[in-house]
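Residue-level listing of the chains:
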Amino acid sequence: MSMCFQDLCDVKADFPWLTQPLKGFCLDSRELKQGQIFIALNSFSQQEKIAIFAQSAIQKGALGIISESEIEGVNTLIIPHVRQQMGQWQRQYLQHFLQVTAPKVIAVTGTNGKTTISRLVAELLMFTGRTVAVMGTAGHGILPHLEPSTHTTVDALQLQQRLMQFKQQGADYVSLEASSHGLDQGRLVGTDIEIAIYSNLSHDHLDYHHTFEDYAKAKAKLFSFSTLKVAVINIDDDYASVMQTAVKNNTAQPQLITYSRENSQADVYVRNIVYSLDGVTFDLHSPQGVMAISSPLLGQFNIDNLLASLATIHALGINLRHIVDQLPQLVGAPGRMQVMHDQHRVFIIDYAHTPDALEQALSSVRKHVEGKLWVVFGCGGDRDRTKRPMMTNIALVQADVVVLTADNPRTENLQQIFNDMTTGIDFSTYHAYQIDHRRDAIAYVTQQAQAGDVVVIAGKGHENYQDIDGVKHFFDDMVELKNALIDSSSLSKTYLPLR
């Protein structure tokens, strides 16, 4: 049963509660306000409680209940595919009652790079005087003022609410991350996405999507939006063709702009890359001509991220020559290749928590290393276990010294995580340690790293907590690193290499 917002308001026989003015929609019965409609979504973890939530919503003054399936003892309007419609309802409701339309929306999808690209696009637009909001893993809000996020892509109702709020606060654009979960679950439906960006696809979330093909199809949904005007795609990626096919099949016929670090057939590509601990320089080839670029962002993949962002600025019709001189001011996303120097060493905080992201981070940093490359990382609990030994093998190959430690164990036993990380690996030819507590691991590398060494502390990036047994304890890698550098005597224990 498909219903537009007006249809929903006119339902009387099937939905008798709609006898009073509608005051919006709600997904959480605890937060419901009188006059709202409660949407009871099916839940794998709390399905048996849906009837309780629905009854609570009615007692709080809900106009009615919409559900994906029948709820025993509760009069409901059943709409099986409500997830794919509620964003549009929320948008129409907010536009009608707030008398405001959303800012222009730029969305980024891909396994890695979403946070950095969305942030860089926002920074570049700010260089041109625009007011820009960002939404994603590292927070949401109008730059530079961000609030913490609970999800990469929030639910459809929250998304529409925030878009309208950003417009009321003066935002011209919103640059947001479109996760595969969010796309698959319809969280962006109802959003007028004008520009869509694809970075890459690698091993992640297969516990949800099961196959790379399904994972890619979820990402490709971003390029099927009827409002899409421009698609920006990384043609260096193996799954770029899946995204290009979605663009080709889109009846809106969006413009396709491609970018590449190497392929001169792309619309935007580079030549003459030079790496240093101060960043990178290269020649940018674009439809607007060739320009010399200097970026403070470390790592080969940050060239890809910057290319995606510059291609997007070009797609918006902005003269790139007006902003290239400001590129050395780029900050990038917090916890993404975030650099701290002491007198003779370099420490890098990065969010890399997938096999591909870790390999990209370490191989990119290797180009800058004079001495040894160290890496500290762990694997999250209650998540895809197949990637754990893959990440360890990548670390052993790419780095000179590897320290395995805790990430977010969540409810999983930490030793089980370490067992998975070390399964089938002969450490006898490598220089590796297991240090259970992340604080101790960070203190250890600050004590042991020598002049000319580079240390990558990977996995948590911007996160300021550790999730242990369902409780989030304050823990910030950058804070811990600063403390360890100030007090180098904070760790007295000796650790033996893994064998």
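It should be noted that the structure appears before, not after, this text.
Reading guide: rules and limits
Counting from 1, residues in each chain are numbered in the order their sequence is written. Local features in a predicted model are, by the rule used here, given only for residues with pLDDT of at least 70; side-chain atom pairs are given and counted only at 80 or more, and totals for whole chains, interfaces and linings are based on all residues. To obtain the side-chain values, all non-hydrogen atoms of the structure were included, while hydrogens and water were left out. Each pair of aromatic rings taken from Phe, Tyr and Trp, with Trp reduced to its six-membered ring, is defined by centres within 6.5 Å and is described as stacked if the planes are under 30 degrees apart, edge-to-face if over 60, and tilted in the remaining cases. Helix and strand assignments follow DSSP, with helices taken as H or I runs no shorter than four residues and strands as E runs no shorter than two, numbered in order from the N terminus. When a residue's accessible area, from a 1.4 Å probe over protein chains only, is under 20% of the maximum for its type it is buried; when over 50% it is exposed; and in between it is partly exposed. Counted as over-ring charges are cases with an Arg CZ or a Lys NZ within 6 Å of the ring centre that also lie within 35 degrees of the ring normal. The criterion for strand pairing is that DSSP finds at least two bridges linking the strands in question. A 1.4 Å probe that fits but cannot get out identifies a cavity on a 1 Å grid over protein atoms alone, an open set with protein on both sides within 12 Å along at least five of seven lines counts as a pocket, and a residue lines either if it has an atom within 4 Å of a point. Grid points are joined across faces, edges and corners, and a volume is the space filled by probe spheres set on the points. Under the convention adopted here, Pro, Cys and the residues Ala, Val, Leu, Ile, Met, Phe, Trp and Tyr are nonpolar, Asp, Glu, Lys and Arg are charged, and Gly plus all remaining residues are polar. For helices, the fitted axis covers only the stretch in contact; all axes are lines through C-alpha atoms, and the angles between them, taken along N-to-C directions, range from 0 to 180 degrees. Whether two residues are in contact is decided by their heavy atoms: any pair within 4.5 Å suffices.

Asker: An account of the packing of aromatic side chains is requested, with residue identities and associated values reported.
Answerer: What the rule picks out here adds up to six aromatic pairs. Relative to Trp89, the ring of Phe25 has its centre 5.8 Å away and its plane inclined at 25°; by these criteria the two rings are stacked. Taken together, the residues Phe25 in strand E1 (residues 25–26) and Trp89 in helix H3 (residues 86–98) connect sequence positions 64 residues apart. Relative accessible area serves as the criterion here: at 6%, Phe25 is assigned to the buried category. Residue Trp89 is classed as buried on the basis of its relative accessible area, which comes to 0%. Across from the ring centre of Tyr465, 5.0 Å away, lies the NZ or CZ of Lys460, which sits over that ring. Positioned above the aromatic ring of Tyr465 is the side chain of Lys472, whose terminal nitrogen or guanidinium carbon lies 4.4 Å from the ring centre.

Asker: Any details on the sheet that holds strand E4 (residues 77–78)? Residues and values, ideally.
Answerer: Across the sheet, which stays open at both edges, the four strands sit in the order E1-E2-E3-E4 with parallel pairing between neighbours. The open sheet is flanked by E1 and E4, the only strands paired with a single partner. Pairing of strand E3 (residues 64–67) with E4, which is carried by two bridges, proceeds in the parallel orientation. Looking across to E4, one finds that Ile66 is bridged to Leu77.

Asker: Please give an account of empty space enclosed by the protein that cites residues and values.
Answerer: Space left empty within the atom packing is revealed by a probe, the size of a water molecule, rolled over the atoms. Applying the stated rule across the entire model yields one cavity of 30 Å³ or more. The wall of the largest cavity is formed by 13 residues, among which Thr115, Ser118, Val134, Ala138 and Glu177 lie closest to the centre. Elements that contribute at least two residues to the lining of the largest cavity include exactly helix H4 (114–127) and strand E6 (132–136). Across the lining of the largest cavity, the residue classes tally to six nonpolar, five polar and two charged.

Asker: Tell me about the sheet that holds strand E19 (residues 432–434), residues and numbers included.
Answerer: Neighbouring strands of a sheet are bound in pairs by backbone hydrogen bonds; such pairs are parallel or else antiparallel. The six strands lie next to each other as E15-E16-E20-E17-E18-E19, forming an open sheet whose pairing is mixed. The open sheet has two free edges, formed respectively by strand E15 (338–341) and E19, since each of these has just one partner strand. The average angle at which neighbouring strand axes cross in this sheet is 15°, direction not considered. Its contacts with the sheet put helix H11 (residues 355–366) on strand E16 (346–350), strand E17 (373–377) and strand E20 (454–458), and the angle it makes with E17 is roughly 160°.

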